[in-house]
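The chain contents come next:
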Amino acid sequence: MSNLTYTVIFYIFAAITVFSAAFVVFSRNVIYSAFSLLFTFFGVAALYVFLSADFIAVTQVVVYVGGILVLLLFGVMFTKGIMNTELKSDVLHIVPGTFILAGIIGALLYTFYTTHGWMPSATQLHGSIVERIGFETMSHYVLPFEMVSILLLAALIGAAFLARFDKPDNNKS
Amino acid sequence: MILTPLSHISMPLLMGNNLNAWSEALVGFNLFGLPLGLVILAAIPLVFIALYSLTYGVYGERKISAFMQDRLGPMEVGKWGILQTIADILKLLQKEDIVPTSADKFLFVVGPGILFVGSFLAYAVLPFSSAFIGASLNVGLFFAIGIVAIEVVGILAAGWGSNNKWSLYGAVRSVAQIVSYEIPAAIALLCGAMMAGTLDMQKITLLQSGSYGFAHFFLFQSPIAWLPFLIYFIASLAEVNRAPFDIPEAESELVAGYFTEYSGMKFAVIFLAEYGSMFMVSAIISIVFLGGWNSPLPNIGSFALNDWTNGPVWGVFWIIMKGFFFIFVQMWLRWTLPRLRVDQLMYLCWKVLTPFAFVSFVLTAIWVIFVP
């Protein structure tokens, strides 16, 4: 595959990501915003692939599309009267908004021009990254890994506790 | 790991016998500087889905269901009704493309497309032969499990876009079911990945090749492998919304679930997606537990059956046959078992399959660590 092909595919995915993200913000229909997020997440996953982070790319799809987006859609679909709510996507405070925008863009451009190169990694990637991720999680980063799993377990038990119903109430209805 | 000892007796099909030789030859094929080979590479599974769902999917299912219910099935068009599917396609093509007035036009149209893309994307990592795979990713199996998420969004788009209570409830049930059954399915596949020590589909398959044929398959390599195999098979039935887990499209309750409002070609695309994911899960289970494109026949002395029936072209035959076998079992179950209730469905997933998946996970880990 030639370099040109890579470049074209990259720009296609970049365009998908940017335009769908803009649509999420500017759309007045909350359902369209939610569905547009699919393309944003997918585009970001594709950009990860271009950074040779395939594992993170797939994880991005699993976590954000399979988990968060579905949860979001369920929330939107089951909220009563959500389609009648007028979403505000107008510009309300032009002056402070412009200042913040100029500040952020200035800071980004400053970093872009003062950082020399894009800091290529000291060690080159070769072979499968997945195995390295597995080894590192189980050796170097085992404490954060365990802490996250305990946190998630607590969240899971909490969710199950909140969602369960009381037996007497259920019989009445 | 040695990646080359593929059979030399197989038919040399222009491009050689090395691992992924056909795919690499296609990727290198640039006509007028355009990456035409990439398009062809992606088009091959697409053509396969279309052909297989037309022949085996639609006609086969109707005939198999008919024989199971002691009927004849389609008999009018052509000898034994062979041309019935072509007649159906002609009819579907001519149908008016109806979009309900109160439907959300955009989501209604886009829904089936997203659904099909979701089921088609996993074909990128299915090795159809030792010489052909869409993308030999080192996260192949993980990709195949994870990409189903896009299908879920397509179902929700179709259900919501139809602006119909049955459709919406069908979509929500379907999504709840797919999302829940992903957990036992993923853990069961993880057992296979643990035995292989890799997530690369092509390497998983290569590790199961050997002169004893089926004895090298992961299903027969460990005494506990049947448990994740069974768990994944049950969970995959639920993931593709097949009976006995076809609650999302329970006719007596929800008309046709999330595709109640669809007709004509949009309906055909939804069905194509369903048949696509049916073959996809069947291929995944054959790759992880039953050796993918490896021949199941063993070498018996000088009667080298395994060597004769291995190679890139035979590989295509074996994986498609293994996939078709599991699709046959799916159809068989559909016409044998009654449908589960929603609460039974969730009970089965969370209180039966998931704990057993964890048990098989731990046992497989012990087996892999302590038994060389």
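Residues numbered from 1 in each chain as written. Chains lettered and ligands numbered in written order. Predicted model: local features only at pLDDT ≥ 70, side-chain atom pairs only at ≥ 80, totals over all residues.

Attention shifts here to the overall build of chain A. When helices and strands are tallied, chain A shows 7 helices and 0 strands. Element order for chain A, N to C, with α for helix and β for strand: α-α-α-α-α-α-α. Residues classed as buried in chain A amount to 15% of the 173 residues present. (Helix = DSSP H or I, 4+ residues; strand = E, 2+ residues; numbered from the N terminus. Buried ≥ 20, exposed ≤ 12 C-beta atoms within 10 Å, placed from the backbone.)

To continue, consider the overall build of chain B. When you go through chain B residue by residue, the secondary structure sums to 15 helices and 2 strands. At 21 Å, chain B has a C-alpha radius of gyration in line with the 21 Å of a compact globule built from 372 residues. Projected onto its principal axes, the C-alpha positions of chain B cover 65 × 55 × 45 Å. Relative to its 372 residues, chain B shows a buried fraction of 49%. (Rg over C-alpha atoms; globule rule 2.2 N^0.38 Å.)

Right, let's talk about the domain arrangement of chain A for a bit. The domain architecture assigned to chain A consists of domain 1 (1-89) and domain 2 (129-166). Distance from the C-alpha centre of domain 1 of chain A to the C-alpha centre of domain 2 of chain A: 25 Å. (Domains from an automatic or database assignment.)

Residues and elements named next belong to chain B. Compared with the 38 Å implied by 1.5 Å per residue over 26 residues, the 38 Å span of helix 12 (residues 264-289) between its first and last C-alpha is a close match. In terms of burial, helix 12 is largely enclosed, as 20 of its 26 residues are buried. One or two residues past the end of helix 12 sits G291, with phi positive at roughly 80°. (Expected span 1.5 Å × (residues − 1).)

Quick look at the interface of chain A and chain B now. Contacts between the two partners involve 18 residues from chain A, matched on the other side by 21 residues from chain B. Only helix 2 (30-50) and helix 3 (54-77) of chain A provide two or more residues apiece to the side of chain A that touches chain B. Among the elements that take part in the side of chain A that touches chain B, helix 3 of chain A stands out by supplying 11 residues, more than any other. Residues belonging to the side of chain A that touches chain B are distributed by class as follows: 14 nonpolar, 3 polar and 1 charged. (Contact = placed C-beta atoms within 7 Å. Nonpolar A, V, L, I, M, F, W, Y, C, P; charged D, E, K, R; others polar.)

Right, let's get into the confidence of the model for chain A. Taken as a whole, chain A shows an average pLDDT of 82; of its residues, 82% reach a score of 70 or greater. Per-element averaging of pLDDT across chain A places helix 7 (residues 167-172) of chain A at the bottom with 55 and helix 6 (residues 142-163) of chain A at the top with 91. (pLDDT = per-residue confidence, 0-100.)

All right, on to the nonpolar core then. Residues A:F41, A:V61 and A:V65 are the most contacted members of the largest nonpolar core, which totals 121 residues. Ranked by the residues each element gives to this core, the list is headed by helix 7 (residues 165-196) of chain B, at 15 residues. Those residues in contact with A:F41, other than ones at most four positions away along the chain, are A:Q60, A:V61, A:Y64, A:V65 and A:L69. (Core = buried A, V, L, I, M, F, W, Y, C linked by C-beta atoms within 7 Å.)

As a further point, take the packing of helix 7 of chain B against helix 10 (residues 226-239) of chain B. Residue and element names in this part refer to chain B. One can describe the packing of helix 7 onto helix 10 by two numbers: an axis separation of 8 Å at closest approach and a directional angle of 155°. By the angle between their axes, helix 7 is roughly antiparallel relative to helix 10. The way helix 7 lies across helix 10 gives a crossing that is left-handed. Where helix 7 approaches helix 10, its residues Q177, I178, Y181, E182, P184, A185, A188, L189, C191 and G192 are matched on the opposing element by P228, I231, Y232, A235, S236, A238 and E239. Classifying every residue of the contact of helix 7 with helix 10 gives 12 nonpolar, 3 polar and 2 charged. (Axes fitted to C-alpha atoms, helices over the stretch in contact; angles between N-to-C directions. Parallel < 35°, antiparallel > 145°, perpendicular 65-115°, else oblique. Left-handed = near helix turned anticlockwise from the far one by under 90°.)

For the rest of this paragraph, the subject is helix 2 of chain A. Helix length check: helix 2 of chain A, at 21 residues, gives a terminal C-alpha distance of 31 Å against a target of 30 Å (1.5 Å per residue), a fit within 8%. Elements in contact with the buried residues of helix 2 of chain A: helix 1 (3-26) and helix 3 of chain A together with helix 4 (105-121) and helix 6 (148-161) of chain B. Of the residues trailing helix 2 of chain A, A:S52 is marked for its positive phi of about 50°.

On to the packing of helix 2 (residues 36-68) of chain B against helix 12 of chain B. Residue and element names in this part refer to chain B. Where helix 2 contacts helix 12, the axes come no closer than 10 Å and their chain directions differ by 95°. Here helix 12 runs roughly perpendicular to helix 2, going by the angle between their axes. On the side of helix 2, the interface is formed by I49, A50, Y52, S53 and G57, while helix 12 contributes L272, Y275, G276 and F279. Among the residues making up the contact of helix 2 with helix 12, the classes are represented as 6 nonpolar, 3 polar and no charged.

Below, the discussion takes up the environment of A:G158. All names here are of chain A. Its location among the elements puts G158 in helix 6. Overall, the presence of 10 C-beta atoms within 10 Å leaves G158 in the exposed class. Between the C-alpha atoms of G158 and A53, which are 105 residues apart in sequence, the distance is 33 Å.

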